[in-house]
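Listed below are the residues making up each chain.
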Amino acid sequence: MQIDPTPQIPLVDYLRLDKQPHLVANECTNCGARFFDRRNACAQCGLRQFTKVPIRNEAKLKSFTIVHRAAPGIPAPFVSAVVETKDGTTVRANVVNCDPNPDVVRLGMPLQLTTYCIGADDDGTEAVAFGYQPS
Amino acid sequence: MSQTQSSTSRKPVRKISSDSVWVLGADMTHFGRYEDQDIVDLAAQTALAALDDGNVSIHDMDVLAAGTLLKAGTSLGQRLQKQIGQTGIPVYNVTNACATGATAIRTVYLAIKAGEADMGLAVGAEQMGKMGLLAGAHSSKEKSVYEPKGRYGAVTSLDGYLGTETMPGVFAQAGMEYANEHPGVGFEQFAKVAYKNHLHSTRNPLAQYRKAFSLDEIMQSPTMSYPNTLLMCCPTGDGAAAVVLISGERLKSMPQDVRRRAVKISASVLTSDPYTESSQVQPDVSTLTRNAAALAYETAGVAPEDLDLVELHDCFATAELIHYDNLGLCEQGGAGDFIDSGAPFRDGSTPVNVSGGLISKGHPIGATGVANVYEITTHLRGEAGERQIAGAKVGLAHVIGLGSACGVHVLEKAAV
């Protein structure tokens, strides 16, 4: 008997859950500016044509904070971060699989994209988030 | 926009030019908690005091701008008029994040510049109570089926999963990005900012808190979002502030004792954030502040070293440090050395937030951008009492609201 795999859905639509999970951006075909949200036009040049581009999974830590006081329902402490991917795209995410301690989290440290399940909905579908872990 | 030459050998204000705009009256309430009054009471109290301070009445006003963030959409301006005078003048209810107060001032400033008004009243007010963290998600308990929604196709709130949306965290990241680019900037430099502002606030009777803390107490207080500890974060609170603005032409006909206390607005600037790559995923509080400062200095013909005092937007200690650099108060990249040297302390070369700043004076959001203009005005008049910066002639007031909006006003003492 074959068991169906648990259905999954990405936390955001710019996370692609392929064999090798990765992010995709809307890239302006004119100026190359990249955006993760649905677009009307380019915030840099104002033109309106975009193409989907994959984002590299390797990154480095550009900035972070260790959140101890979070909104209700959010487990704390956690490491919130701004990372720069190897192809120069800025991404906001959590640093995961890393002790939330300022002596451990180091500015500039190399990171790698990873995915993890954050919960399931009432139909049993799992939501999958991405984060960056030390590499 | 008229552009004057930027020069360090700036000429003092000798006469009132007709197209100039001045602060005629100014007031702020004590910042704190007002359980028995509402936002209209606070706005009315400060508006009446600012009118009295300028020796004018609501019947002299040609325009009114009223700013509040949390009570936006409640017609604060009209509700204020119903308490202090329904004269039928145009009312602008403005909201622009934490730059709401500065936007109210600039709205009146523009009406005067446009020749539509000779005098106007700008009021900022907020009643926040003890509301805790601003922004950030609150989880839903209802039955859920994941369904992509919004511009990111998100199946649930992203706060806490893809970084933080809480204010102490967002501004912590802004500071840590600066630390990443400039070695020598770290937890201790950020903590010193809070040490300074708490210390300064002990001299300000209008401040929400007036207690000095040791650097150690600040660094050991509970972490909100590293490196921002509790004592490095502004409180929520209630309060209001108001200014009466007047055209130079109209000011000429005012009595000598009123003219003497008028303070010139040498620059009024509002910016939003231009496109930057990194600002697509997290607010960039620096670029628009740099742009606003550059335009303000150019318009006023003032250089950073001319400033006798600065009130800047220290919503969190990490924010104040990076704004030393953004406002050109220190060498580029030198904000850590700047605080370490003592320069922004009230006895230093460029006193910053001698009011106690948002961190200790308080931050009732809509009031903040008016209250810092009140603070500068009070020093330039020589009326700041125990916290007076002696001989202050030029000051700068800065606010920034996420989204983003940045307001900068440069004020100069009258020499008339």
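Here the structure is a predicted model, which means the values were calculated and not measured. (Residues numbered from 1 in each chain as written. Chains lettered and ligands numbered in written order. Predicted model: local features only at pLDDT ≥ 70, side-chain atom pairs only at ≥ 80, totals over all residues. Heavy atoms only, no water.)

Caption draft 1: Geometry of the sheet that holds strand E3 (residues 91-94) of chain B. Residue and element names in this part refer to chain B. Across the sheet, 9 strands lie side by side as E3-E2-E4-E7-E1-E8-E11-E10-E9; this open sheet has mixed pairing. Of all the strands in the sheet, just E3 and strand E9 (309-311) have a single pairing partner and so form its edges. Pairs of neighbouring strands in the sheet enclose a mean axial angle of 25°, with direction left out of account. Alignment of strand E1 (residues 21-28) against strand E8 (residues 263-272), held across 3 bridges, turns out to be antiparallel. (Pairing = 2+ DSSP bridges. Helix = DSSP H or I, 4+ residues; strand = E, 2+ residues; numbered from the N terminus. Axes fitted to C-alpha atoms, helices over the stretch in contact; angles between N-to-C directions.)

Caption draft 2: Focus on the packing of helix H1 (residues 39-53) of chain B against helix H2 (residues 76-84) of chain B. Residues and elements named next belong to chain B. One can describe the packing of H1 onto H2 by two numbers: an axis separation of 9 Å at closest approach and a directional angle of 65°. By crossing handedness, the relation of H1 to H2 is classed as right-handed. Of H2, the residues touching H1 (which contributes Ile39, Val40, Ala43, Ala44, Ala47 and Leu48) are Leu76, Arg79, Leu80, Gln83 and Ile84. Its residues placed into classes, the contact of H1 with H2 shows 9 nonpolar, 1 polar and 1 charged. (Left-handed = near helix turned anticlockwise from the far one by under 90°. Contact = heavy atoms within 4.5 Å. Nonpolar A, V, L, I, M, F, W, Y, C, P; charged D, E, K, R; others polar.)

Caption draft 3: Geometry of the pairing of strand E7 (residues 238-247) of chain B. All names here are of chain B. Within E7, 10 of the 10 residues are buried, which leaves the element mostly enclosed by the surrounding structure. Of the two faces of E7, the one lined by Asp238, Ala240, Ala242, Val244 and Ile246 and the one lined by Gly239, Ala241, Val243, Leu245 and Ser247 are each fully buried. Bridge count between E1 and E7: 7 bridges; the pairing is antiparallel. Each bridged residue has a counterpart across the sheet, and for Met28 the counterpart in E7 is Ala241. Taken together, the 9 bridges between strand E4 (residues 119-127) and E7 define a ladder with antiparallel strand orientation. The partner of Gly120 across the bridge, within E7, is Leu245. (Buried < 20%, exposed > 50% of the residue type's maximum accessible area, 1.4 Å probe, protein only.)

Caption draft 4: Structural detail: the packing of aromatic side chains. Going through the model one piece at a time under the given rule, you end up with 11 aromatic pairs over all chains. Aromatic side chains A:Tyr14 and B:Tyr152 sit 5.9 Å apart centroid to centroid with 65° between the ring planes, which places their arrangement in the edge-to-face category. Remark: B:Tyr152 occurs in the loop between E4 and helix H4 (167-181) and A:Tyr14 occurs in the loop between strand E1 (8-10) and strand E2 (15-16); the pair is interchain, linking two chains. Given a relative accessible area of 29%, B:Tyr152 falls into the partly exposed group. Ring geometry for B:Phe187 versus B:Tyr226: centroids 5.5 Å apart, planes at 55°, classification tilted. Placement of the pair is B:Phe187 in helix H5 (residues 187-201) and B:Tyr226 in strand E5 (residues 223-226), with a sequence separation of 39 residues. Using a relative accessible area of 22% as the deciding quantity, one classes B:Phe187 as partly exposed. Taken together, the ring pairs connect A:Tyr14, A:Phe36, A:Phe130, A:Tyr132 and B:Tyr152 into an aromatic cluster. (Phe/Tyr/Trp six-rings, centres within 6.5 Å; stacked < 30°, edge-to-face > 60°.)

Caption draft 5: View of the confidence of the model for chain B. Residue and element names in this part refer to chain B. Confidence along chain B averages 94 in pLDDT terms, with 94% of residues attaining 70 or more. Scored below 50 in pLDDT, residues 1-9 makes 16 contacts in the model with residues more than four places away or belonging to other chains. Interface predicted TM-score (ipTM) for the complex: 0.92; the corresponding pTM is 0.93. (pLDDT = per-residue confidence, 0-100.)

Caption draft 6: Quick peek at the pattern of salt bridges. Within this structure, the stated rule accounts for 15 salt bridges over all chains. One salt bridge in this structure joins A:Glu27 and A:Arg34, with 2.8 Å as the shortest N-O distance. With respect to burial, A:Glu27 and A:Arg34 carry one shared label: buried. Each of B:Asp53, B:Arg261, B:Arg381 and B:Glu383 takes part in a single network of salt bridges with overlapping partners. (Salt bridge = Lys/Arg side-chain N within 4 Å of Asp/Glu carboxyl O.)

Caption draft 7: Geometry of the interface of chain B and chain A. Taken together, the contacts link 43 residues of chain B with 55 residues of chain A. The junction of chain B with chain A conceals about 4,300 Å² of combined surface from both sides, 57% of it contributed by carbon and sulfur atoms. The largest share of the area that chain B buries against chain A comes from B:Tyr146, B:Arg151 and B:Leu162, three residues that together contribute 18% of it. On inspection of chain B and its partner chain A, the count reaches 3 salt bridges. A salt bridge links B:Arg151 to A:Asp37, with the nearest nitrogen and oxygen atoms 4.0 Å apart. (Buried area = accessible area lost by both parts, 1.4 Å probe.)

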